[in-house]
Amino acid sequence: MPTSPTAPAGIGDGAAGDFGSVFHSAIDKVTELNNDSEKQISELAQGNRSDIHNVMIAVEKADVAFQLMMQVRNKIVSAYEEVSKMQF
């Protein structure tokens with residue numbers, strides 16, 4: 001199955017181990033967004049920034065990315081629970 005042009009690298013190519021690496025890189029990206037927003041908040045609080053709108057955008061990006069990661073985690077846990085209920 002070919003990957004779509006908008007899909008992140010590794011999604012849809014069917015190679016073994018790709019899910020773990022894609023999930024790990026997604027967690028790294030969420031951490032990066034969170035660290036960036038914390039840095040911008042700190043700079044704003046210290047008076048080194050005056051563009052509150054960019055700080056708020058960074059905070060919202062980090063929040064949405066975290067919420068998405070939690071929803072993906074919840075779906076994975078739910079799928080695992082469904083599979084564990086199956087009788088073979």
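Quick summary incoming for the structure in this document. Small disclaimer: the values here were computed from a predicted structure and weren't measured.

On to the pattern of salt bridges, then. Within the structure shown, the criterion is met by five salt bridges. Here Glu32 ties to Lys29 by a salt bridge, and the two come within 3.7 Å at their closest N and O atoms. With a gap of three residues between them, Glu32 and Lys29 both fall in helix α1 (residues 18-46), about one helical turn apart. Glu32 sits in the partly exposed class, given a relative accessible area of 47%. Connected through shared salt-bridge partners, Lys39, Glu43, Arg49 and Asp51 make up one network.

Rules and cut-offs
- Residues numbered from 1 in each chain as written.
- Predicted model: local features only at pLDDT ≥ 70, side-chain atom pairs only at ≥ 80, totals over all residues.
- Heavy atoms only, no water.
- Salt bridge = Lys/Arg side-chain N within 4 Å of Asp/Glu carboxyl O.
- Helix = DSSP H or I, 4+ residues; strand = E, 2+ residues; numbered from the N terminus.
- Buried < 20%, exposed > 50% of the residue type's maximum accessible area, 1.4 Å probe, protein only.

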